[in-house]
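A closer look at the structure
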Amino acid sequence: GVDEQNLGCRLGTPFQCTSEDCDTNYTLFVFPVLALTVGVVLKPLERHVRLPYTLMLLCVGIALGSVACGTSLGLLGESLHQWVHLDPPSAFFYWFLAPLIFEASFNSDFHIFRKIFAQILTLSFLMVIIQMVLIA
């Protein structure tokens, strides 16, 4: 048989949804819109709070995840459930890894990058070789 809860996560519809209104339900987009909104709101606060931006995002994510585990958050809870049980899990990286890498490279200082480029290359190749030896 087909696991309806898993099927709902695959299709991006709430797992309770079994009728025609599943086609018009966009709960999969609630969490990304909230995440982008939180990111846009927290970025200017970085100067005033004196905490790194990524640490603030981590704290908000931990708080949101903790609240979502203990209570029902309606559409946001359904959207979180769909993202947690995304099938295949690697789809998350297809959608979010490229923007994350772009943002990190866009906000990096070119002069510092050029200064430590040799160290970056050395460590990256060294880590790949160490992982190959450990895994193989």
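Here is a short report on the structure shown in this document. Numbering of residues begins from 1 in every chain and follows the order in which that chain's sequence is written. Where totals are concerned, whole chains, interfaces and linings use all residues; where local detail is concerned, this predicted model gives features only for residues with pLDDT of at least 70, and gives and counts side-chain atom pairs only at 80 or more. Only hydrogens and water are set aside; all other atoms, that is, all heavy atoms of the structure, feed into the side-chain values.

As a further point, take the packing of helix α2 (residues 30-49) against helix α3 (residues 53-70). Here the axes come from fitting lines to C-alpha atoms, over the contacting stretch only for helices, and the angles between their N-to-C directions go from 0 to 180 degrees. Helical segments are the DSSP runs of H or I of at least four residues, strand segments are the runs of E of at least two, and each set is numbered from the N terminus. It is at 9 Å that the axes of α2 and α3 come closest, and there the two elements cross at 135°. For the element pair α2 / α3, the angle class is oblique. Crossing hand, α2 versus α3: right-handed. Across the interface between the two elements, F31, L34, V38, G39, L42, K43, L45, E46 and V49 from α2 touch Y53, M56, L57, V60 and L64 from α3. Angle categories: roughly parallel below 35 degrees, roughly antiparallel above 145, roughly perpendicular from 65 to 115, and oblique for all the rest. Each crossing gets its handedness from the near helix: less than a right angle anticlockwise from the far helix is left-handed, clockwise is right-handed. Residue contacts are defined here by distance: any two heavy atoms, one from each residue, within 4.5 Å place the two residues in contact.

Here the focus is the layout of surface pockets. A probe matching the size of a water molecule, rolled over the atoms, marks out where space remains unfilled. Of the grid points, spaced at 1 Å and generated over the protein atoms alone, those admitting a 1.4 Å probe that cannot get out make up cavities, while open sets with protein on both sides within 12 Å along at least five of seven lines make up pockets; any residue with an atom within 4 Å of a point is treated as lining. Grid points are joined across faces, edges and corners, and a volume is the space filled by probe spheres set on the points. The volume enclosed by the largest pocket comes to roughly 970 Å³. Surrounding the largest pocket, 28 residues form its lining, A35, L36, L57, F96 and L100 being those nearest its centre. Only α2, α3, α4 (75-84) and α5 (91-106) provide two or more residues apiece to the lining of the largest pocket. The element best represented in the lining of the largest pocket is α2, accounting for 10 residues.

In this section: the packing of aromatic side chains. Pairing of aromatic rings covers Phe, Tyr and the six-membered ring of Trp, with a centre-to-centre limit of 6.5 Å; geometry is then stacked below 30 degrees between planes, edge-to-face above 60, and tilted otherwise. Applying the stated criterion to the full structure yields two aromatic pairs. Note on F102 and F106: the rings are 5.7 Å apart at their centroids and 25° apart in plane angle, and the pair reads as stacked. Linking F102 with F106, this pair stays in helix α5, spanning four residues, or about one helical turn. Geometrically, a charge over a ring is one whose NZ (Lys) or CZ (Arg) sits within 6 Å of the ring centre while staying within 35 degrees of the ring normal. Against the face of Y53 rests K43, its NZ or CZ located 4.7 Å from the ring centre.

The general pattern is negative phi for most residues beyond glycine and trans for most peptide bonds. Even without a glycine there, the phi angle at R50 is positive, about 65°. Looking at where R50 falls in the secondary structure, it is placed in the loop between α2 and α3. For each residue, the accessible area found with a 1.4 Å probe, counting protein chains only, is set against the maximum for its type, and the residue is called buried under 20%, exposed over 50%, and partly exposed in between. Classification of R50 by relative accessible area gives exposed; the value is 73%.

Salt bridges are defined as contacts in which a side-chain nitrogen from Lys or Arg sits within 4 Å of a carboxyl oxygen from Asp or Glu. Scanning all chains against the criterion turns up one salt bridge. Here K43 makes a salt bridge to E46, at a shortest N to O gap of 3.2 Å. Here K43 and its partner E46 are both found in helix α2, three residues apart, which amounts to about one turn of the helix. A relative accessible area of 27% places E46 in the partly exposed class.

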